[in-house]
Amino acid sequence: MGLGSMALGSLLGLDAAGADAAKPGLPTPGAGAGALPGLPHFPAKAKRVIYLFQSGAPSQLDLFDHKPAIREKRGVELPESIRKGQRITTMTSGQKNLPVAPSIFNFAQHGESGAWLSELLPHTAKIVDDICIIRSVQTEAINHDPAVTFVQTGSQLAGRPSMGSWVAYGLGSLNDDLPSFVVLLSRGRTDQPLYDRLWGSGFLPSKYQGVKLRSGKDPVLYLANPSGCSTQLRRQMLDDLGELNTLHHDRTGDPEVLTRIAQYELAYRMQSSVPELTDLASEPKSVVDLYGPDVQKPGSYAANCLLARRLAERGVRFIQLYHMGWDQHADLPAQIRSQCRDTDQASAALLMDLKQRGLLDDTLVVWGGEFGRTIYSQGTLTATDYGRDHHPRCFTIWMAGGGIKPGITYGETDDFSYNITKDPVEIYDLNATMLHLLGVDHTRLTYRFQGRDFRLTDVHGKVIKPILA
């Protein structure tokens, strides 16, 4: 009876941590199992999120932000009237000059929307009328770790809950046999470190942290039964362990004990759900081909995009992809070509696949990195080669589905893609908008920790209403 009541409490979101932090009331009809009372705050446009995070910062100048006026300024010193005394990283602060480096790639307009895209994105060009391109995102951080941490957790300092954890905590689960928050990693042509804390739960109960699916034989470590352990024996062991943990919780009142029980039970159910999820044999050849040749390589970006669609249709609430390798301080033209070959087709395929299955309408897809790249060259500028340093003042992302207005471009930058001239978007605004589309008022999703009510957007953020459908 003890284990049964604990399992039921987990499904209903009645564990001690959730009950202490929740607002009065009952979960809104249509909320997931374990949703906080009163959530969602209003009807949601999106049920789930797929975040295609391009770690290392893609160059907006070479992909999305077309600046033909600066072609004639190649090699000219970046004017101080544009830089305005901005601090720059130690990687370029010692350079004798900061020469303007226009993109060497051709741009063209695509779709009925007429959006400008680089020749490096031929597949994204096919879905341009389904996405909203935001060219005026800005951030406070100038180095990778604080910038990625800021995007993912709403703070430059490590230790806060990730966005996926906030969503899982507030809205609960849509599938009892899979985690609410799943993470998939892929590596590009250059290495870029990422840390498990980026999908951690911070001060939220640890049941809300992201579960990383690995490529290879065992997608989740320690999920399979040890040699000689039958399913029946595993079930008996978990029942006995559940009773012991329940007794421990009765003595201590520690909510993490309930988390431990719930996670053991979830792992037991995942023993059958994860192998089925990661087996692509049932996918039609036409769908597999849509994602490109790399889809057959476990752990590739293409394979992870297809897994993301499978996770979405199985009810996973927040699916976070990280693709490393966009940090192109030198040899950018060659490196960014490779990155786009790895990611462009699969990103577009994911959107098309969701759309043809009727999933795009209630799935929010986000593509973007942690900041932008400079118009001036890092290192020697030649006719065919240049590098770009970090640039926090403006960068480009795109969003689609789940209540986003399709086929529009939002925000403008100056002729150097250095400063925002219209409709700036803060990271807090982006996160507030994503929560809004999930039916969450970002000012009301809070958790009390060390005497303070914390939230994903801290004390900032406004919903970007012009991009909403």
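Positions within a chain are numbered from 1, following the residues in the order the chain's sequence is written. Local features are withheld for residues below a pLDDT of 70 in this predicted model, meaning they are given only at 70 or higher, and side-chain atom pairs are given and counted only at 80 or more; totals for whole chains, interfaces and linings count all residues. Heavy atoms from the whole structure form the basis of all side-chain values; hydrogens and water molecules are not counted.

S.K.: When you look at the overall build of the chain in this model, what are you seeing that I'm missing?
M.R.: Under the scheme used here, helices are H or I runs from DSSP no shorter than 4 residues and strands are E runs no shorter than 2 residues, and both carry numbers assigned from the N terminus. In terms of helices and strands, the chain carries 12 helices and 17 strands. Each residue gets one of three labels from its accessible area relative to the maximum for its type: buried under 20%, exposed over 50%, partly exposed in between, using a 1.4 Å probe on protein chains only. Out of the 469 residues belonging to the chain, those deemed buried represent 57%. The contacts of the chain with a sequence gap of at least 6 include a subset with a gap of at least 24, amounting to 78%. Using a 1.4 Å probe, accessible areas were evaluated by the Shrake-Rupley method; residue-level cover was limited to the displayed protein chains. With the model as given, the accessible surface of the chain reaches about 19,300 Å², and the carbon-plus-sulfur share is 53%. By the convention used here, residues are in contact when the closest approach between their heavy atoms is within 4.5 Å.

S.K.: Mind showing me how you'd approach the pattern of salt bridges here?
M.R.: Any two side chains of opposite charge can pair, given that their charged atoms come close. A carboxyl oxygen of Asp or Glu within 4 Å of a side-chain nitrogen of Lys or Arg is what we treat as a salt bridge. Enumeration according to the criterion identifies 22 salt bridges in this entry. Close ionic contact of Arg357 with Glu313 constitutes a salt bridge, the shortest N to O distance being 3.6 Å. Of this pair, Arg357 sits in the loop between α11 (332–356) and β8 (363–368) while Glu313 is found in helix α10 (residues 301–313), placing the two residues 44 residues apart along the sequence. Its relative accessible area of 33% is what places Glu313 among the partly exposed residues. Asp327 is paired through a salt bridge with Arg373; the nearest N and O atoms lie 3.2 Å apart. With Asp327 in the loop between β7 (318–323) and α11 and Arg373 in strand β9 (residues 372–378), this residue pair connects regions lying 46 residues apart in the sequence. Both residues of the pair, Asp327 and Arg373, count as buried. Linked by salt bridges that have partners in common, Glu283, Arg309, Arg310, Glu313, Arg314, Asp353 and Arg357 make up one network.

S.K.: Would you mind showing me how to read the pairing of strand β4 (residues 131–138) here?
M.R.: Along a regular strand, successive side chains alternate from one face of the sheet to the other. Among the eight residues in β4, seven count as buried, and that is most of the element. We treat two strands as partners when DSSP finds at least two bridges between them. Here five bridges tie β4 to strand β11 (residues 395–400), and the two strands are oriented antiparallel to one another. From the neighbouring strand, Ile134 faces β11, where its bridge partner is Ile397. Looking at chain direction, β4 and strand β12 (residues 408–410) are connected through three bridges and run parallel.

S.K.: Just to check I follow, could you spell out the packing of aromatic side chains for this structure?
M.R.: Ring pairs (aromatic) are described by centroid distance and by the angle formed between their planes. The pairing test for Phe, Tyr and Trp rings, Trp by its six-membered ring, is centres within 6.5 Å, and the orientation test on the planes gives stacked under 30 degrees, edge-to-face over 60, and tilted for anything in between. According to the stated counting rule, one finds 16 aromatic pairs in the structure shown. Ring centres of Trp199 and Tyr322 lie 5.5 Å apart, and the angle between their planes is 45°; this geometry places the pair in the tilted category. Here the residue Trp199 occupies a position in the loop between β5 (181–186) and β6 (211–213), and Tyr322 occupies one in strand β7, the gap between them amounting to 123 residues. You can call Trp199 buried: its relative accessible area is 4%. Geometrically, the ring pair formed by Phe203 and Phe454 is tilted, given 4.9 Å between the ring centres and 45° between the ring planes. Taken as a pair, Phe203 in the loop between β5 and β6 and Phe454 in strand β17 (residues 452–454) lie far apart in primary sequence, 251 residues in all. There is no split in this pair, since Phe203 and Phe454 are both buried. Joined through ring pairs, the aromatic side chains of Trp166, Tyr169, Phe203, Tyr208, Tyr447, Phe449 and Phe454 make up one cluster. Criterion for a charge above a ring: Arg CZ or Lys NZ at most 6 Å from the ring centre, at most 35 degrees from the ring normal. Directly above the ring of Phe454 sits Arg452, whose terminal nitrogen or CZ lies 4.4 Å from the centroid.

S.K.: So what exactly am I meant to see when it comes to the side chain of Ser118 here?
M.R.: The topology assignment puts Ser118 in strand β3 (residues 115–118). Exposure remark for Ser118: the relative accessible area of 1% places this residue in the buried category.

S.K.: What is the right way to read the nonpolar core from this model?
M.R.: Across soluble globular proteins, you tend to see nonpolar side chains buried next to one another. In plain words, nonpolar cores are sets of buried Ala, Val, Leu, Ile, Met, Phe, Trp, Tyr and Cys residues tied together by side-chain atoms within 4.5 Å. Counting 56 residues, the largest nonpolar core has Tyr51, Ile134, Leu364, Met399, Met434 and Ile467 as its most contacted members. With sequence-adjacent residues up to four places away left out, Met399 is seen in contact with Ile131, Cys132, Ile134, Leu364, Val365, Val366, Ile404, Leu430, Met434 and Ile467. Counting 52 residues, the second-largest nonpolar core is a separate cluster that includes Leu63, Leu277, Val288 and Ala348.

S.K.: Help me understand helix α12 (residues 427–437), please; the structure alone is not making it clear to me.
M.R.: Because each turn of an α-helix spans 3.6 residues, side chains separated by three or four positions in sequence point in the same direction. Taken across its 11 residues, α12 has 10 buried, putting it largely inside the fold. Restricting attention to buried positions, one finds in α12 the residues Ile427, Tyr428, Asp429, Leu430, Asn431, Ala432, Thr433, Met434, Leu435 and Leu437. One or two residues past the end of α12 sits Gly439, with phi positive at roughly 85°.

S.K.: How should I be thinking about the pairing of strand β10 (residues 387–391) in this particular structure?
M.R.: In terms of burial, β10 is a largely internal element, five of the five residues being buried. Across four bridges, β9 lies against β10 in antiparallel orientation. Each residue of the ladder has a partner; that of Gln378, found in β10, is Gly387.

S.K.: Where do I start with the packing of α10 against α11 in this structure?
M.R.: The relative placement of two packed helices comes down to the angle between their axes together with the axis-to-axis distance. Viewed as axis vectors pointing N to C, α10 and α11 meet at an angle of 20°, and their least axial separation amounts to 8 Å. Here α10 lies roughly parallel to α11, going by the angle between them. For the pair α10 and α11, the crossing hand works out as right-handed. Contact residues: α10 offers Tyr301, Ala302, Cys305, Leu306, Arg309 and Ala312, while α11 offers Asp342, Thr343, Ala346, Ser347, Leu350, Asp353 and Leu354. Gly is placed with the polar residues, together with every amino acid not listed as nonpolar (Ala, Val, Leu, Ile, Met, Phe, Trp, Tyr, Cys and Pro) or charged (Asp, Glu, Lys and Arg). Class assignment of the residues belonging to the contact of α10 with α11 gives a composition of eight nonpolar, two polar and three charged. Each axis is a line fitted through C-alpha atoms, and for a helix only the stretch in contact is used; angles between axes span 0 to 180 degrees, taken between their N-to-C directions. By the definition adopted for this analysis, an angle is roughly parallel if under 35 degrees, roughly antiparallel if over 145, roughly perpendicular if from 65 to 115, and oblique otherwise. By definition, turning the near helix anticlockwise from the far helix through less than a right angle yields a left-handed crossing, and turning it clockwise yields a right-handed one.

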